[in-house]
Amino acid sequence: MKKEKIRYIRHNWNSYLFVLPALSIYLIFGLYPFLRTFQLSFYRWDGIAPDMQFVGLKNYIDIIFNNPIWWTSVLNASIVSIIALTFQNGLALLLAILLYRGITNGRTIYRVIFFMPPMLSLIVVGYIWLWIYDGNYGILNHILRIIGLGNHVRAWLSEANSSLISVAVAHCWRGFGFAFILFLAGLQTIPEDLYEAAKVDGAGTWNQFRYITLPLLVPVATIVSVLTILGTMQIFDLIMAMTQGGPGFHTEVPITRIYKEAFSYYHFGYGTAMAIVFGGLLLILSIFQMECSRRRLRR
Amino acid sequence: MVYPCKKWILVIYLFIMGPILFVGCGQDKDKEIGAKKKPLITFWHWWTDRQSILEEFADQYEEETGVKVKFVLSSPSGDLYKNKLQAAALSSTLPDIIGVWGGGEFLARYINAGHISNLTDEMEEGWKDRFFPEAIKRGSYQDGNQWGVIPGTYAVPLTVMNIQIFYNKRLFEKAGLDPMNPPATWEEFIAAGRKLRAKGIAPFTAGFGDLGLAEWFLNSYAWSFLGEDNVRATWVGERSYVSPEWEAAFDKFVEMRDNEMFIEGIAIMSNKQSEQAFANGLAAMAMNGSWAVNVYYQMNPDLEYDVMSFPQDTEAANPVLLFGGTGICAAVNGKSSQKLEAIKFLKWFTDKERQIEYVEKAHTLSANRNVIDGLSPVLAKFAKGMERIIPDLEVEEKNEVREVLRKGIQSIIIGEKTSIKVLEEAQRLKDKLE
């Protein structure tokens, strides 16, 4: 058995050679930083000093049981994720269906238009929306005044009850184009004859959507949902450009907490522990979601 | 046995991968040239408004001495610059001269890790005599400091600054206020705000989203209501935040909120946005530092403004002082091979002749105390303000508590929390940390 393995490797060494660069890059830039982060999470370290102090699980215990701001930030990111999962992906699906089955002219133009926001830098998107929401000269307030809704004018980003939703809207605007493209690709894989057969059997548009489009889109929807959750829970650039986590802690999210702990407060070890806890949360969420859709597919 | 065709694969592989794998082993071309021909001093900073001015000085220095100084604008903001320094410290790639803020916890961590040179000997040789004593003090650590730094001077002050209130003369006139007599007391300040608001003008702007400015505003009034001993006692944990004096200081934000003094969105406004608002005439008063003279000049050279001190609350036991001290400093990399050349350049750059030129071009306040003539009227007021700045206590509140206080100010501004609630939260956290 061992001899066979050695012979196999001797015959195929050149294949391994070509994998080596990618593997080295992964080990150096992927695996090593992860292991190092994991190691640092058990230390008290300021990120500058040559010495570190081993504290065992203290960082983890403090984050999980004694840090309400951390859990507020997780809750805020979850709210933005729920908004993105429902409104952003709902809109993306609706537009994809409209474009695939309804609109026949200028499809390419629509595709380009919808896919433009995801190509913009998040900082740029942040500044665009900062101007839109500005309480003094923002276009949103201007429009509200023009259409007679002047009593709804406000500083959108600096009020407790509108700041997080406003950031979520900007995030969805930027993200829906990506979901749209994935849904469109998914729709194109559904065989046309299924719809024709359904029509012959007397199925209307709603029933076609319910019994053909939706079930066959489950694999794509799963991917879109997982990517949406992962992308939204890790929201950072938009927050830094728009609110820096304020007012108060209303738009604080996990990555801004990790950033502030590690770089502003010199709690590097604590920040890495936060990153590990957060990574674990995301992993659990992703596995749960994948399992749910797998069960649904089996049914 | 290696088959002939596989040998060729190996040759092709090495031919392609060899250069890629070894490309990182090359030396920095600039450094190589610098090491062989003439010294090259690298100077990192984050001062976006004066890179071209600094480059002019670098050219001048090269002409005079043959030593090249490379100013590198390393980051668009101070916060990001800090991150870059942290990463560079870990990888031992800090430059020869590092633009820094004066002393405190930030610099102490780099000093303790051996990244910053102790400049005490050079300073004692007469170098320190050219600077404002307060500016030198901010870059120094005394015996028994809370960070355990070996006493000495570690940062060379380049500019000094303090925080005051800029006001737009034209908007004051529009609201029927006398631009020659700005509000001096808190009551006059609030009354002026009401008049401005009645004319549809936002009375006050500040970058309270950047948090530091909100804290500086608070500190001026905390000092006024509590005095030095009580502020120190609170920071070292011997006195509670939950006290009428701290509440009175926080209530300044409440009074301003209730009198509609704040520009819309001030709670999350960055200082850059606030500067734009003031420069474009959207707000009549702006809390900002002396550096803003140059910023406003670049944003709107025609802006007609003056500057006033923080208005005094007549019920406060002490005069209101200004946050200020060292503006920007330079530190010498403790591990640099060009330490002496770096110090020589800094001595050259901070001498009177160069600083007069620097002040003229950068519209700033020099840390060189011999450069006070010829300042613009506004800068002269800031220079005078240096006599009334909050003294350096060499004690700092914990970052976590400061965050709760700063975020608490935002919550007060948006009407979500009361002063006492913020103070209770801060005290609870302080008790927990201690």
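Residues numbered from 1 in each chain as written. Chains lettered and ligands numbered in written order. Predicted model: local features only at pLDDT ≥ 70, side-chain atom pairs only at ≥ 80, totals over all residues. Heavy atoms only, no water.

1. Topic: the domain arrangement of chain B
Residues and elements named next belong to chain B. Domain boundaries in chain B define domain 1 (39–158 + 327–350) and domain 2 (163–323 + 394–433). Here the C-alpha centroids of domain 1 and domain 2 sit 31 Å apart. Approximately 690 Å² of surface area, both sides summed, lies buried where domain 1 meets domain 2, with 31% of it carried by carbon and sulfur atoms. For domain 1, the biggest contributors to the area lost against domain 2 are Asp 49, Glu 105 and Gln 146; these three give 54% of the whole. Put simply, domain 1 and domain 2 have 4 residue pairs in polar contact (both at pLDDT 80 or more) between them. In terms of residue class, the side of domain 1 that touches domain 2 is made up of 1 nonpolar, 4 polar and 4 charged. (Domains from an automatic or database assignment. Buried area = accessible area lost by both parts, 1.4 Å probe. Polar contact = N/O pair within 3.5 Å; in protein donor to acceptor, adjacent residues only side chain to side chain. Nonpolar A, V, L, I, M, F, W, Y, C, P; charged D, E, K, R; others polar.)

2. A look at the interface of chain A and chain B
On the side of chain B, 40 residues touch chain A, which itself brings 47 residues to the contact. Carbon and sulfur atoms make up 56% of the surface buried where chain A meets chain B, a total of about 3,600 Å² over both sides. Its largest share of buried area at the contact with chain B, chain A owes to Ile 48, Tyr 265 and Tyr 266 of chain A, together 18% of the area lost on that side. In this assembly, chain A and chain B are joined by 3 salt bridges. A salt bridge links Glu 252 of chain A to Lys 407 of chain B; the nearest nitrogen and oxygen atoms lie 3.2 Å apart. At the boundary of chain A with chain B, the tally comes to 12 residue pairs in polar contact (both at pLDDT 80 or more). (Contact = heavy atoms within 4.5 Å. Salt bridge = Lys/Arg side-chain N within 4 Å of Asp/Glu carboxyl O.)

3. Considering the environment of Ala 362 of chain B
Residues and elements named next belong to chain B. Relative to the elements of secondary structure, Ala 362 occurs in helix 15 (residues 352–362). Judged by its relative accessible area of 0%, Ala 362 falls in the buried class. Ala 362 sits 308 residues away from Leu 54 along the chain, and the two C-alpha atoms are 9.4 Å apart. (Helix = DSSP H or I, 4+ residues; strand = E, 2+ residues; numbered from the N terminus. Buried < 20%, exposed > 50% of the residue type's maximum accessible area, 1.4 Å probe, protein only.)

4. Side note on the nonpolar core
In this structure, Phe 43, Phe 204, Phe 208, Phe 217, Met 285, Met 287 and Phe 345 of chain B are the most contacted members of the largest nonpolar core, which totals 146 residues. The leading source of residues in this core is helix 10 (residues 212–235) of chain B, at 12 residues. Here this core gathers at least three residues from each of two domains, domain 1 (39–158 + 327–350) and domain 2 (163–323 + 394–433) of chain B. Core analysis: the second largest hydrophobic core is formed by 31 residues, Phe 42, Ile 63, Met 242 and Val 253 of chain A among them. (Core = buried A, V, L, I, M, F, W, Y, C linked by side-chain atoms within 4.5 Å.)

5. Details of the packing of aromatic side chains
Residue and element names in this part refer to chain B. Taken as a whole and assessed by the stated rule, the structure comprises 59 aromatic pairs over all chains. With centroids separated by 6.1 Å and ring planes inclined at 70°, the aromatic side chains of Phe 204 and Phe 217 adopt a geometry described as edge-to-face. Of the two residues, Phe 204 sits in strand 8 (residues 202–205) while Phe 217 sits in helix 10, which places them 13 residues apart along the sequence. Take Phe 204 and Phe 217: they sit in the same class, and that class is buried. With 6.5 Å between their ring centres and 75° between their planes, Trp 216 and Trp 291 make a pair best called edge-to-face. With a gap of 75 residues between them, Trp 216 in helix 10 and Trp 291 in the loop between strand 9 (283–289) and helix 13 (292–299) connect regions that are remote in the sequence. Relative accessible area serves as the criterion here: at 26%, Trp 291 is assigned to the partly exposed category. Taking the ring centre of Trp 44 as reference, the NZ or CZ of Lys 84 above it sits at 4.7 Å. Over the ring of Phe 57 we find Lys 361, and its NZ or CZ is 5.6 Å from the ring centre. (Phe/Tyr/Trp six-rings, centres within 6.5 Å; stacked < 30°, edge-to-face > 60°. Lys NZ or Arg CZ within 6 Å of the ring centre and 35° of its normal.)

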